[in-house]
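Spelled out, the chains give:
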Amino acid sequence: MTIPFPLKACVAAGLLGWAALVMGHGDVTPQEVDTGSLPELGSEPLMENPFRAGNEHDGYHEEAIKVGERGYSGNCAGCHGIQAQSGGLTPDLRELEEWDDEYFIGRVLNGTDRGMPSFKSNLDQNAIWAIKTYVESVKE
């Protein structure tokens, strides 16, 4: 039995597209983040970014942006884009608002069923909130 060329071409194109989607998802191996001189936030997840202006640790806002940029580059940019500018396959994190803090930390800690890994064992909340602070800074 011979397989017609158009069918072979369709199968090849489908496999190529699938491979591009998988490879385009990026390296999602979580990387440690040196949180430097940021204050220890504890292990119980906070539901609001403590480094945002007007919040408990807003004096560390600029340091959190620097730490968050390094953390974002090593853990998020492969999928969510350089400087949080998504290419369209993953959510554009710049669209998150202040009231999305609880959603953000839940997603980062637990991952999703659509390919995002859990960062629970790799990132403490200092790093997570620093990353959110960085993402908020690139919107400005």
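Residues numbered from 1 in each chain as written. Predicted model: local features only at pLDDT ≥ 70, side-chain atom pairs only at ≥ 80, totals over all residues. Heavy atoms only, no water.

The protein chain is annotated in an unreviewed UniProt entry as Cytochrome c-550 PedF from Halomonas heilongjiangensis.

**Student:** Hey, could you go over the overall build of the protein chain for me, with residue numbers and the actual values?
**Tutor:** For the protein chain, the helix and strand inventory stands at five helices and zero strands. Each helix and strand of the protein chain, placed in order from N terminus to C terminus, yields the pattern α-α-α-α-α. Partitioning the contacts of the protein chain with sequence separation of at least 6, the portion at a separation of at least 24 is 64%. Of the accessible surface of the protein chain, which amounts to about 8,700 Å², a share of 56% is contributed by carbon and sulfur atoms. (Helix = DSSP H or I, 4+ residues; strand = E, 2+ residues; numbered from the N terminus. Contact = heavy atoms within 4.5 Å. Areas by Shrake-Rupley, 256 points an atom, 1.4 Å probe, with all protein chains shown as cover.)

**Student:** Describe the pattern of salt bridges, with residues and values.
**Tutor:** Within the structure shown, the criterion is met by five salt bridges. Note that R52 is salt-bridged to E136, the shortest N-O span being 2.5 Å. Of the two residues, R52 sits in the loop between α1 (5-24) and α2 (61-75) while E136 sits in helix α5 (residues 125-138), which places them 84 residues apart along the sequence. Owing to a relative accessible area of 6%, R52 belongs among the buried residues under this scheme. Where salt bridges share partners, they join R52, D101, K132 and E136 into one cluster. (Salt bridge = Lys/Arg side-chain N within 4 Å of Asp/Glu carboxyl O. Buried < 20%, exposed > 50% of the residue type's maximum accessible area, 1.4 Å probe, protein only.)

**Student:** Can you tell me about the packing of aromatic side chains, naming the residues and giving the values?
**Tutor:** Tallying each qualifying case throughout the model produces two aromatic pairs. Aromatic pair Y72 and Y134: ring centres 5.5 Å apart, planes at 50°, arrangement tilted. Of this pair, Y72 sits in helix α2 while Y134 sits in helix α5, and the two are 62 residues apart along the sequence. The residues Y72 and Y134 share a single accessibility class, namely buried. Consider the rings of F104 and W129, whose centres lie 6.3 Å apart with planes at 40°: the pair is tilted. One end of the pair, F104, is in helix α4 (residues 101-110); the other, W129, is in helix α5, with 25 residues separating them in the sequence. (Phe/Tyr/Trp six-rings, centres within 6.5 Å; stacked < 30°, edge-to-face > 60°.)

**Student:** Lay out the layout of surface pockets in plain terms, naming residues and giving numbers.
**Tutor:** In this approach a probe as big as a water molecule rolls over the atoms, and the regions it shows empty are the leftover space. There is about 550 Å³ of room inside the largest pocket. H80, P91, L93, T112 and M116 are the residues nearest the centre of the largest pocket, which is lined by 26 residues in total. When residues of the lining of the largest pocket are assigned to their parent elements, the largest contribution, four residues, is made by α4. By residue class, the composition of the lining of the largest pocket is 16 nonpolar, six polar and four charged. (1 Å grid on protein atoms, 1.4 Å probe; cavity = no way out; pocket = protein on both sides within 12 Å on 5 of 7 lines; lining within 4 Å. Points joined across faces, edges and corners; volume = space filled by probe spheres on them. Nonpolar A, V, L, I, M, F, W, Y, C, P; charged D, E, K, R; others polar.)

**Student:** I'd love a proper account of a negative patch on the surface, names of residues and values included.
**Tutor:** A grouping of E48, E95, E97 and E98 is seen on the molecular surface, where their side chains present a negatively charged patch. Looking at where E98 falls in the secondary structure, it is placed in the loop between α3 (77-80) and α4. The partly exposed category is assigned to E98, whose relative accessible area is 49%. (Patch = residues over 30% accessible without salt bridge, like charges linked within 9 Å, V, L, I, M, F, W, Y side chains within 5 Å. Lys, Arg positive; Asp, Glu negative; His and termini not counted. Charge placed at Lys NZ, Arg CZ, Asp CG, Glu CD.)

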